[in-house]
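Single-letter residue listing:
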Amino acid sequence: MNRIVRAALVSSLFVSSASFAQDAEFNMQVDIEDQDMPSARIKMKTTTNVDGEETTTVKVRGGGARMDVQMTGGTTTTETRSESRTTETRREPRMDSRPEMPMAAEPSHRDCGTRSDEGCMMRRDGQFPMDASTWRGFYQSLKSENNEIVRQEKADKMLKRVYLTAAQFGMVLDLFNNEIVRLDVARIAAPHVVDPQHALGFSSKWRNSISGSEYTDIITQ
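The structure contained in this document is the topic of the report that follows. (Residues numbered from 1 in each chain as written. Predicted model: local features only at pLDDT ≥ 70, side-chain atom pairs only at ≥ 80, totals over all residues. Heavy atoms only, no water.)

### What about the side chain of Asp-195?
Argument step 1. Mapped onto the elements, Asp-195 comes out in the loop between α5 (179-189) and α6 (209-219).
Argument step 2. One buried charged residue, Asp-195, forms no salt bridge at all, with the nearest opposite charge on Arg-124 at 7.8 Å.
Argument step 3. Here the side chain of Asp-195 touches Ala-166 through a polar contact of 2.8 Å, landing on its backbone nitrogen.
Argument step 4. Polar contacts involving the side chain of Asp-195 include one to the side chain of His-198, which spans 2.8 Å.
Argument step 5. Setting aside its immediate chain neighbours within four residues, Asp-195 contacts Gly-119, Met-122, Leu-164, Thr-165 and Ala-166. (Helix = DSSP H or I, 4+ residues; strand = E, 2+ residues; numbered from the N terminus. Buried < 20%, exposed > 50% of the residue type's maximum accessible area, 1.4 Å probe, protein only. Lys, Arg positive; Asp, Glu negative; His and termini not counted. Salt bridge = Lys/Arg side-chain N within 4 Å of Asp/Glu carboxyl O. Polar contact = N/O pair within 3.5 Å; in protein donor to acceptor, adjacent residues only side chain to side chain. Contact = heavy atoms within 4.5 Å.)

What follows is the structure, encoded as structure tokens:
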């Protein structure tokens, strides 16, 4: 605001000194290096009334402010106004085009068909072990097969797709009398046992210590 005052005063002094220019009107553009008021426009007008009294009017506009200075017979009248500008910014709520996927609720209880089974509520690779209905159908299918080689083929196909608890795993191993076949089944099923730490003791299912040691390596991988 001080820069506008200085501009107005300098301009009024200039007009007062130019007494020869009666009824004159001047328009000038003054550039002011100010962040809030980069430029000001000054309009000056000098008139003489019937009594010979000279009146000089200076109007300054710039930076959202306005000042009117009137000089008559040695008396100076100043009127200052401030023009405020309000900018309203409206933000629209952001719409996400991707729908929110509901979180899958954890089951409060699961039955894996093996009575009290700690592994029934566990996951491996994000998958739960077979529930009671799936397990019973799978187990009965293997148990009803008299040919152990065919039983092994059935087990291999199913165990590559499903997950099972250590308790279910132990019951599957007990269906195979041949220790070599049993070890092959263990090798297929071990990566899908959800609680392999509970199956470490199954090494005792092999009378051959070498096979038992190999089983331990398989289940701990």
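Here the narrative resumes.
### With respect to the nonpolar core
Buried together is how nonpolar side chains tend to be arranged in soluble globular proteins.
Argument step 1. In terms of nonpolar packing, the biggest core is built from 29 residues, with Phe-138, Leu-159, Phe-169, Val-172, Leu-173 and Tyr-215 touching the most fellow members.
Argument step 2. Among the elements of the structure, α2 (132-143), α3 (148-159), α4 (166-173), α5 and α6 are those that each provide at least two residues to this core.
Argument step 3. It is α5 that provides the largest number of residues to this core, a total of 5 residues.
Argument step 4. Filtering out sequence-adjacent residues up to four positions away, Phe-138 remains in contact with Met-130, Ala-155, Met-158, Leu-159 and Val-172. (Core = buried A, V, L, I, M, F, W, Y, C linked by side-chain atoms within 4.5 Å.)

### Observations concerning unusual backbone geometry
Of all residues except glycine, most have a negative phi; of all peptide bonds, most are trans.
Argument step 1. Located in the positive-phi region is Arg-115, a residue other than glycine, with phi close to 60°.
Argument step 2. Inspection of the secondary structure puts Arg-115 in the loop between β5 (75-82) and α2.
Argument step 3. Within the chain, Asp-125 stands out as a residue other than glycine whose phi angle is a positive 55°.

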